[in-house]
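Tertiary structure, described
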Amino acid sequence: MELERWKQFALPCVTFVVVLLLWESVKRLSGWSASVFPGPLEAAAGTWELIRNGTLLKHSVASLFRVTMGYYLAVLLGLPLGILLGRWKTGFVMANTLVQFLRPISPLAWIPLAMLWFGIGDKPAIFLIFLASFFPLLVSTITAVHHIKTLYFQVAANFNFSRLESVTKVILPAILPQVLPALRICLGIAWLVVVAAEMIAVKSGLGYLILDSRNALRMDYVLAAMIAIGLIGVLLDRLISQLNKIKSVAWGSV
Amino acid sequence: MGFGVTMGHVVIRNLCKDFVERRTAPRILNANGALHKGERLLVLDRVDLQFQDGELVCILGPSGCGKTTLVRIVAGFDPPTSGTVITDGIEVQGPSPNNIFVFQQSGLLPWMTVWENVMLGVRHMKDKKQKAARAQEQIDIVDLTGYEHLYPHQLSGGMQRRAELARALVVNPEVLFMDEPFAGLDFLTRLKMREEIINMHEFIQKTILFITHDIDEALVMADRIVVFSERPATVKMDLRLDFPHPRDFARDPALEDLRRQVYQELGVHYAL
């Protein structure tokens, strides 16, 4: 059942207010100083400060740039490769064990190598984000292709589809209902990893901001960066959820 | 029809098909090193048939006897173990737009609207206007006018079948294969669809191979019925039906007799 529009907007706000109140009361009861445990007011003040002097925007843009690059790379490689391995049995058998071997290795384990290979700057971070989102997307795409009903390929053969048509008119639309959630999850993972990736080898980004603020013992700035990460995360998720409105995907949920 | 050059003329010669029966080859047997390949299960046993151009043939037979297997081979989806299928003088090597298959479950592509599905059949035509006109004509024939922009999941079962029929007809195939196309439809819709197929067939005069397990359906619709035996399938009965349409068992004693005979042939002694 759908809730009314105002409720859809108001109820999450209520939740946030409750959390803020809890946060503030814990801070007061604990008796810790604001420099160790900043309350919502200090965090808000710190955030406002960083917004005003442009620091937050600068670092957010840097992080978003890396996420976009890494994520696009993962999509551009993961989707076609997933389709290929999904359809090509020999290739799948050859690659699958390797993929399952590489997949559980945390992207963070690649940090030393990434720095050695790509040096300082955007590249190692982009590489880590790529790694983090590539494998889940690849595996989801392969699984989705494996689950396409053979009936649809028979229809394709019956109507004399070319290879290209089989991809654009059968495979892609058929896997979309499974691939869209995967795209969404992978974007979340990419955004999760960017912070860790930026704690090494770069001098910008929200991850760097957190590390730098910690070194300066400014916990309010740390919280400001965390708030920015959360907010951007919500926005990215909203943005990618728009893809679910594509009409030709609706059949997947029937 | 059928003077000199025959179109939609199907010749099936000495067709056999067997499958590996995996159920009789449990994996445990493989453990002792002897590679058990499974027994060969004969599904079609030397089937010889000829379908004339423009014939509406209903294929009857007990469940699991190999009706679908036969038609899938004739349509080019599966290779035969031995024997040949020749349509219009050319040996069948694979699926082709000359023989369109209407599937048992809905074969509409669910991510395309009715219109897009029907347009698949004419997508190679150059003239855009003519393309659209052909598609619209078929949609009108199956009575789906106004539903062009709906997706299959928004249609009822009967409408889905009709949409698939429109998509098959728009190609103007020489042979139309229908594998229990009315499975899962309610009784009334089924009756209406029968009527539509009969009318459509009278109109387009194409060869139709229609698989069904419903004896009455076959007797009401077909120009000819072919009854298969239990597996391995061999042709048990092959009859031309020259009764005029619409057919009524109550008014036509010869048809009623035939009905009783087919029921007996299939092992049921009292047709209800």
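All of the points below concern the structure found in this document. (Residues numbered from 1 in each chain as written. Chains lettered and ligands numbered in written order. Predicted model: local features only at pLDDT ≥ 70, side-chain atom pairs only at ≥ 80, totals over all residues. Heavy atoms only, no water.)

1. A word on the overall build of chain A
When its secondary structure is counted, chain A shows 10 helices and zero strands. Along its sequence from the N terminus, chain A presents helices and strands in the succession α-α-α-α-α-α-α-α-α-α. Dimensions of chain A along its principal axes, counting C-alpha atoms only, are 75 × 55 × 30 Å. Counting the 254 residues in chain A, one finds 43% classified as buried. Within chain A, residue pairs in contact and separated by at least 24 positions form 72% of the contacts whose partners lie at least 6 positions apart. As presented, chain A carries roughly 14,700 Å² of accessible surface, and 71% of it is formed by carbon and sulfur atoms. Side chains of chain A carry 21 positive and 11 negative charges; the gap between the two charge centres is 10 Å. (Helix = DSSP H or I, 4+ residues; strand = E, 2+ residues; numbered from the N terminus. Buried < 20%, exposed > 50% of the residue type's maximum accessible area, 1.4 Å probe, protein only. Contact = heavy atoms within 4.5 Å. Areas by Shrake-Rupley, 256 points an atom, 1.4 Å probe, with all protein chains shown as cover. Lys, Arg positive; Asp, Glu negative; His and termini not counted. Charge placed at Lys NZ, Arg CZ, Asp CG, Glu CD.)

2. A word on the overall build of chain B
The helix and strand tally for chain B stands at seven helices and 10 strands. Taking all 272 residues of chain B together, the buried fraction comes to 52%. In chain B, once contacts between residues fewer than 6 apart in sequence are set aside, the share between residues at least 24 apart is 71%.

3. Remarks on the nonpolar core
Formed by 151 residues in total, the largest nonpolar core has its most connected members in L128(A), I12(B), L70(B), I225(B) and F228(B). When residues of this core are assigned to their parent elements, the largest contribution, 16 residues, is made by helix α8 (residues 163-197) of chain A. Each residue touching I12(B), except ones within four places of it in the same chain, is listed here: V47(B), D48(B), L49(B), F51(B), L70(B), V74(B) and T84(B). (Core = buried A, V, L, I, M, F, W, Y, C linked by side-chain atoms within 4.5 Å.)

4. Looking at unusual backbone geometry
Residue and element names in this part refer to chain B. With phi around 45°, R46 is a residue other than glycine that occupies positive phi space. Within the secondary structure, R46 sits in strand β2 (residues 39-51). Despite not being glycine, D88 has its phi angle at roughly 50°, a positive value. Looking at the element boundaries, D88 is found in the loop between β4 (82-87) and β5 (90-91).

5. Describing the packing of helix α3 (residues 55-87) of chain A against α8(A)
Two packed helices can be described by the angle between their axes and the distance between those axes. All names here are of chain A. At a closest axis distance of 10 Å, the pairing of α3 and α8 adopts a crossing angle of 145°. Note on packing geometry: the crossing formed by α3 with α8 is right-handed. Between α3 and α8, the contacting residues are S63, L64, R66, V67, Y71, V75, L79, I83 and R87 on the first element and I171, L172, I175, V179, L183, C186, L187, A190, W191 and V194 on the second. Grouping the amino acids of the contact of α3 with α8 by side-chain chemistry returns 16 nonpolar, one polar and two charged. (Axes fitted to C-alpha atoms, helices over the stretch in contact; angles between N-to-C directions. Left-handed = near helix turned anticlockwise from the far one by under 90°. Nonpolar A, V, L, I, M, F, W, Y, C, P; charged D, E, K, R; others polar.)

6. A short note on the pairing of strand β8 (residues 207-211) of chain B
All names here are of chain B. With five of its five residues buried, β8 lies for the most part within the structure. With burial as the criterion, each face of β8 is covered, one bearing T207, L209 and I211 and the other bearing I208 and F210. With four bridges connecting them, strand β3 (residues 56-60) and β8 associate as parallel partners. Considered in β8, the bridge of I59 is made with I211. Sheet topology note: the strand β7 (residues 175-179)/β8 ladder contains five bridges and is parallel. Note that in β8 the partner of D179 across the bridge is I211. Viewed along the sheet, the connection from β7 through helix α5 (residues 187-204) into β8 turns out right-handed. (Pairing = 2+ DSSP bridges. Right-handed = clockwise from strand over helix to strand, strands pointing away.)

7. Remarks on the pattern of salt bridges
The tally for this structure, following the rule as stated, stands at 26 salt bridges over all chains. For R218(A), the salt bridge identified is with D220(A), shortest N-O distance 2.9 Å. Residues R46(B) and D45(B) are paired through a salt bridge, measuring 3.0 Å at the closest nitrogen-oxygen approach. When its relative accessible area of 16% is taken as the criterion, D45(B) is described as buried. Through salt bridges with shared partners, a single network forms among E55(B), R224(B), D238(B), R240(B) and D242(B). (Salt bridge = Lys/Arg side-chain N within 4 Å of Asp/Glu carboxyl O.)

8. Details of α5(B)
Residues and elements named next belong to chain B. With 18 residues, α5 ought to run about 26 Å at 1.5 Å a step, and its terminal C-alpha atoms sit 26 Å apart, in line with that. Along α5, the positions that sit buried rather than exposed are T189, R190, M193, R194, I197, I198, M200 and H201. Contact partners of the buried residues in α5: β3, α4 (157-170), β7, β8 and α6 (215-221). For α5, the N-terminal cap is D186; the gap from its side-chain oxygen to the backbone nitrogen of L188 is 3.2 Å. (Expected span 1.5 Å × (residues − 1). Polar contact = N/O pair within 3.5 Å; in protein donor to acceptor, adjacent residues only side chain to side chain.)

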